[in-house]
Amino acid sequence: MKTVLAALLSLFCLMAPLANAEPSTGSIDVHWDPGSADCQGHPPRPLQVHRYDERTYILRESLCQTYEGPFIYLLIGSSKALLIDSGDVADASKAPLAATVIALLPQVNGARMPLEVVHTHSHLDHRAGDVQFAGLPQVTVVGADLPHVIQTFGFRHWPDDVAQVDLGDRVVDVIPTPGHTPSHVSYYDRSTGLVFSGDFFLPGRLIIDDVDADRASARRLLDFLGNRPVSYILGGHIELDRHGQPEPMGSNFHPDERPLPLDMADLRKLPAMLAGFNGIYGQSGEYVMYSQARMLQLMAAAALLLLAIITLTLVWWLRHRRRRRADPALATSLPT
Ligand SMILES: [Zn+2]
Ligand SMILES: [Zn+2]
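Overview of the structure. Since this is a predicted model, take the numbers as computed values, not measurements. (Residues numbered from 1 in each chain as written. Chains lettered and ligands numbered in written order. Predicted model: local features only at pLDDT ≥ 70, side-chain atom pairs only at ≥ 80, totals over all residues. Heavy atoms only, no water.)

Section: the pattern of salt bridges
- For the structure shown, the criterion picks out eight salt bridges.
- Residues Arg190 and Asp173 are paired through a salt bridge, measuring 2.8 Å at the closest nitrogen-oxygen approach. You can see Arg190 sitting in the loop between strand S11 (185-189) and strand S12 (194-198) and its partner Asp173 sitting in strand S10 (residues 171-176), a full 17 residues away along the chain.
- Judged by relative accessible area, Arg190 falls into the partly exposed class, the value being 38%.
- A salt bridge links Arg205 to Glu239; the nearest nitrogen and oxygen atoms lie 3.9 Å apart. With a gap of 34 residues between them, Arg205 in strand S13 (residues 205-207) and Glu239 in the loop between strand S14 (232-235) and helix H6 (264-275) connect regions that are remote in the sequence.
- Overall, the relative accessible area of 14% leaves Arg205 in the buried class. (Salt bridge = Lys/Arg side-chain N within 4 Å of Asp/Glu carboxyl O. Helix = DSSP H or I, 4+ residues; strand = E, 2+ residues; numbered from the N terminus. Buried < 20%, exposed > 50% of the residue type's maximum accessible area, 1.4 Å probe, protein only.)

Focus on the coordination of the zinc ion (ligand 2)
- At 2.0 to 2.2 Å from the zinc ion (ligand 2) lie its protein donor atoms, namely Asp125 (OD), His126 (NE2), Asp199 (OD) and His237 (NE2).
- For the zinc ion (ligand 2), the four donor atoms in the first shell make angles of 89 to 157° at the metal, so the coordination geometry reads as irregular.
- Look at His237 and you get buried, because its relative accessible area is 1%. (Donors = N, O, S within 2.8 Å, 3.2 Å for Na, K, Ca; no water. Tetrahedral: all angles 85-135°; square planar, octahedral: opposite > 155°, others 65-115°.)

Brief notes about the state of the cysteines
- Using the criterion set out here, one finds one disulfide in the structure.
- The disulfide partner of Cys39 is Cys64, and the S-S distance across this bridge is 2.0 Å. Judged by the sign of its S-S torsion, about -80°, the cystine formed by Cys39 and Cys64 is left-handed. A residue pair is termed long-range when its members are at least 10 positions apart, and Cys39 in the loop between helix H1 (2-21) and strand S1 (47-53) and Cys64 in the loop between strand S2 (56-61) and strand S3 (71-76) qualify at 25 residues.
- Assessed through its relative accessible area of 21%, Cys39 is described here as partly exposed. (Disulfide = S-S within 2.5 Å.)

Structure, rendered in structure tokens:
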């Protein structure tokens, strides 16, 4: 009997970590508001909130408030809550993000749970809402620039190490994924198996301003996720329709938007896609990849070239006219 009990105990000890490793399930069954073809006449709600599970919320700012339609994620632990990104709308009267998030926070020891506002990266459409949280009690807003990211999360070998945020019974890993911007990070929530990939990896346009860093980030994230359970990979925007076509740039209306989640099979394709990217513009399947910085440089170079051609043509024409006036014989022989 003792032997059987010992065997059962050993089996339990072996199974326990596996049971812990199994992520909790949640609902991703949500139809996101499509925005509107007439934002003035028929505006949708400014902020949509989806409850993934009792401790996880996905929020999205209306496409009428901002064509970016950014996604914002709220993770609640037992001692602290984490808000990943704060969206594109600073004005609380247009999108009351802070009030909405604060209302979702539970009480801890008779007080509202502390909240930490962090970001996937420093682009304004992911942090414009920070101002709504400024000065609120029990709320910390972390800067999105690289020094703040390194210091706050405690990276010691950026971008080669992984940091953790402990929310109390809920640990979130912070994985450096620079390339879209220098301080971009992705988050892995161990309790749900959700990955929050910001603009590094999303269903849409992949803007890559540092190709080498982005390629390394893809390998790093894949290495990290390795055999870890991944439920869904959730990015910062949806920019594709159900047929895989990019939504028009700047559109406030996505009537046929594809679902938000990506999965590991999608992520595993990323290194090959990035290997084939020429650093300026490229397309692989549904994904459009481009470097905003390089394209701006090319446009500036093209504008300078055009200016040079116009100037040279003008100089030639003025000289030609002067010569023609100075020499009447030339004036009669040359075409006008
Ligand atoms: Zn971005
Ligand atoms: Zn963005």
